[in-house]
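Residues per chain, in single letters:
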Amino acid sequence: MHPYETGTSCDAPRQWAGCLALAPGVAVFRGQAGNHQTHQHWAHQLAMGLDGPVQMGSGDKVLCAPSLFIPAGVSHSLVKSVLVSVFLDPTTELARGLCQQVNALQAPTDIAALSPALDTRLRDMLAGERPIDVALRELQALLAPQTVRVTDARLQTVLATL
């Protein structure tokens, strides 16, 4: 059993199911995330629980909050849940916009809970019934309004097919 898992959910298979929207420098996933091993990635990650708080293991700590910000390069593991997960290229204006709002990078190696105000704002945008591609565009407009561009129609066709 993984040290951060509890109850019978740890015996469930690691299954992911949901929808994904992609744009340059950002990906948004909404759905069922399976348990996974401790890992790290180059992208900043925002994890927002939809069926309860997000549970995230990092080092010898277990963090639990409605939404968590995981800076790029920080080792972590996620306990199976229904969530919205946003991955941001840390070199982009989108990432800088989120980091300014999260204020989490004062200690760039720490996972941080979002403020209730920011959690509510992002939850209203990302967790609702609107199509995930619309939610992605709204996120882009919030975090880096000067960088939102109309995407080439050919790319939109390819992404819609995926």
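Cut-offs used in this document
Residues numbered from 1 in each chain as written. Predicted model: local features only at pLDDT ≥ 70, side-chain atom pairs only at ≥ 80, totals over all residues. Heavy atoms only, no water. pLDDT = per-residue confidence, 0-100. Helix = DSSP H or I, 4+ residues; strand = E, 2+ residues; numbered from the N terminus. Contact = heavy atoms within 4.5 Å. Salt bridge = Lys/Arg side-chain N within 4 Å of Asp/Glu carboxyl O. Buried < 20%, exposed > 50% of the residue type's maximum accessible area, 1.4 Å probe, protein only. Polar contact = N/O pair within 3.5 Å; in protein donor to acceptor, adjacent residues only side chain to side chain.

Draft legend 1. Seen up close, the confidence of the model for the chain. In the predicted model, the chain carries a mean pLDDT of 80, and 82% of its residues have values of at least 70. Across the chain, the element-wise mean pLDDT spans from 74 in helix α4 (residues 153–161) up to 94 in strand β3 (residues 44–49). Counting interchain partners and residues more than four positions distant, the pLDDT-below-50 stretch residues 1–12 has 20 contacts.

Draft legend 2. Looking closely at the pattern of salt bridges. Applying the stated criterion to the full structure yields four salt bridges. A salt bridge links R137 to D133; the nearest nitrogen and oxygen atoms lie 3.6 Å apart. In this pair, R137 and D133 both sit in helix α3 (residues 132–143), four residues apart, roughly one turn of the helix. R137 gets classed as partly exposed once you look at its relative accessible area, which sits at 39%.

Draft legend 3. Layout of the side chain of H44. Looking at the secondary structure, you find H44 in strand β3. A relative accessible area of 8% places H44 in the buried class. In this structure the side chain of H44 is engaged in a polar contact, spanning 2.9 Å, whose partner is the backbone nitrogen of A72.

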